[in-house]
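Single-letter residue listing:
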Amino acid sequence: MGLIWLALAAIAVWALVRLGRQTERRGRAHWRVTATLLGAVLLAGGALAAFRGAWLAAAAMAGAGLYLAWSSRLRAVVRSEPISEADARAVLGVRPGADEAEIRAAWKRAMARAHPDQGGTEGLATRVNAARDRLLKGRRQA
């Protein structure tokens with residue numbers, strides 16, 4: 001019985017860690033939280049059913065729990081729209097005649113603020129990357 005409680009505690013910790021990492025737009029975040037919790041409950045139920053000898057029920061619950069946990073982790077790909085050179089300079093805060101080193105330094109400063117791990121968003125980080133790519137592409141062709 002102690003092994004069951006240990007497994008349930010591990011699943012609960014896993015679910016809490018997942019809940020702490022939720023940074024999504026409004027409608028999607030609620031589904032991810034619900035799917036994570038339901039997946040954890042199904043996995044725990046599957047473990048309990050396996051310990052009691054109900055192998056078919058255990059396999060069904062564990063499979064459903066794994067599917068929900070996996071599908072809740074899938075994220076939509078954020079694509080950036082084409083950006084003009086003036087907008088790219090505004091995003092990075094560089095002057096029109098900036099060289100490659102200035103552009104890369106400005107990108108590094110902007111990405112330090114815009115990266116999702118630093119409190120920014122995926123969309124903003126994508127826009128900063130698109131601005132860098134646009135300005136560096138213009139530099140290489142000139």
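Residues numbered from 1 in each chain as written. Predicted model: local features only at pLDDT ≥ 70, side-chain atom pairs only at ≥ 80, totals over all residues. Heavy atoms only, no water.

K.L.:
What am I meant to see in the pattern of salt bridges here?
P.N.:
One side chain can pair with another of opposite charge once the charged atoms of both are near each other. Taken as a whole and assessed by the stated rule, the structure comprises four salt bridges. One salt bridge in this structure joins Glu85 and Arg89, with 3.6 Å as the shortest N-O distance. Taken together, the residues Glu85 and Arg89, both in helix 4 (residues 85–92) and four residues apart, mark about one turn of the helix. The shortest N-O distance in the salt bridge between Arg132 and Asp133 comes to 3.0 Å. (Salt bridge = Lys/Arg side-chain N within 4 Å of Asp/Glu carboxyl O. Helix = DSSP H or I, 4+ residues; strand = E, 2+ residues; numbered from the N terminus.)

K.L.:
Just checking my understanding: could you explain the side chain of Arg132 for this structure?
P.N.:
With respect to the helices and strands, the residue Arg132 is situated in helix 6 (residues 122–141). Dropping the residues within four chain positions of it, Arg132 is found in contact with Leu92, Ile103 and Trp107. (Contact = heavy atoms within 4.5 Å.)

K.L.:
How should I be thinking about the nonpolar core in this particular structure?
P.N.:
Membership of the largest hydrophobic core comes to 16 residues, with the highest contact counts inside it found for Leu92, Val94, Ile103, Val128 and Leu135. For this core, the secondary-structure elements that each account for two or more residues are helix 4, helix 5 (100–114) and helix 6. Among the elements that line this core, the one with the most residues is helix 6, at six residues. (Core = buried A, V, L, I, M, F, W, Y, C linked by side-chain atoms within 4.5 Å. Buried < 20%, exposed > 50% of the residue type's maximum accessible area, 1.4 Å probe, protein only.)

It is worth stressing that arrangement in space is one thing and function is another; only the former is reported here.
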